[in-house]
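Analysis of the macromolecular model
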Amino acid sequence: MNIALLGYGKMGKAIEKIALERGHDITLKVSSSTKDFILDDIDVAIDFSLPSTAVANITKCFNANVPVISGTTGWLDQYDDMISLCSSKKGTFLYASNFSLGVNIFFEINKTLAKLMRSLPDYKTSIEEIHHTQKLDAPSGTAITLADDIIERTNYKNWSLDAPKQNEIGILAKRIENVPGTHEINYDSEVDSIQIKHTAHSRQGFALGAVIAAEYVHDKKGIFTMKDVLNIS
């Protein structure tokens, strides 16, 4: 499979290593200094670029009829536009806030716990996320996904990075050198606390999930999620 890497930072290089180990070819590498590129003979593109370039990259893939998966966060105010464009072009698209297979299992555990806690208002919910200092957006896309999944299943109405109001989930975003990613959900009451936590030890888990997702979509048409990749109903 010929893969284009749209974004060749630390994550792109980790994806390259895994893709080569799995027998794929990296036929295009697009870095922040690349002014233009052509998607000839590309089977699938993997976008881990910047929030400022993600939409242009994804659009270019749709116009070239190249399946694209994206793990770039910070651009989701235009997500619906990209979904509409993908449908109109009869393209292939998979976005995930986190490609780690473990995190996607964690998403499902979070949903189940939220359902169980819905009828227990004495427990206050909060989220803490920690990432490396090079991560530009806060909170992380993963934290937002976790918060949105809780909101959908409980009486919470919103999330907040600042002091949360009533019916808001407080998210604490920390940036610490060399932390690949940690996410913790807390339910605190006067009598006890419940926590669930996912800790990434390296970028390898994210890279592996991205390559597996690329393998999944490259011969398909439509809009997919990691639930499709992992066959989670």
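Residues numbered from 1 in each chain as written. Predicted model: local features only at pLDDT ≥ 70, side-chain atom pairs only at ≥ 80, totals over all residues. Heavy atoms only, no water.

What follows is about the side chain of Glu168. With respect to the helices and strands, the residue Glu168 is situated in strand S8 (residues 168-175). At 5.3 Å, Lys165 is the nearest oppositely charged side chain to Glu168, a buried residue that forms no salt bridge. When near neighbours in sequence (up to four residues on either side) are disregarded, Glu168 contacts Tyr156, Asn158, Ser160 and Ala163. (Helix = DSSP H or I, 4+ residues; strand = E, 2+ residues; numbered from the N terminus. Buried < 20%, exposed > 50% of the residue type's maximum accessible area, 1.4 Å probe, protein only. Lys, Arg positive; Asp, Glu negative; His and termini not counted. Salt bridge = Lys/Arg side-chain N within 4 Å of Asp/Glu carboxyl O. Contact = heavy atoms within 4.5 Å.)

This next bit is on the sheet that holds strand S6 (residues 124-131). Strand order in the open sheet made by the five strands is S7-S8-S6-S9-S10, with mixed pairing throughout. Only two strands of the sheet have a single neighbouring strand rather than two, namely strand S7 (158-160) and strand S10 (193-200). Geometrically, the sheet is characterised by an average inter-axis angle of 20° between neighbouring strands, direction not taken into account. As defined by bridge partners, strand S9 (residues 181-188) adjoins S10 across eight bridges and the pair is classed as antiparallel. Looking at S10, one finds that Asp188 is bridged to Ser193. (Pairing = 2+ DSSP bridges. Axes fitted to C-alpha atoms, helices over the stretch in contact; angles between N-to-C directions.)

Counting 26 residues, the largest nonpolar core has Ile15, Ile46, Ile69, Leu94 and Phe99 as its most contacted members. Mapped by element, the contributors of at least two residues to this core are strand S1 (2-6), helix H1 (10-21), strand S3 (44-47), helix H6 (204-217) and helix H7 (226-230). Residues within four places of Ile15 in sequence aside, it is in contact with Leu5, Ile46, Phe48, Ala207, Ala210 and Val211. Residues Phe37, Cys61, Ile83 and Tyr95 belong to the second largest nonpolar core, which totals 21 residues. (Core = buried A, V, L, I, M, F, W, Y, C linked by side-chain atoms within 4.5 Å.)

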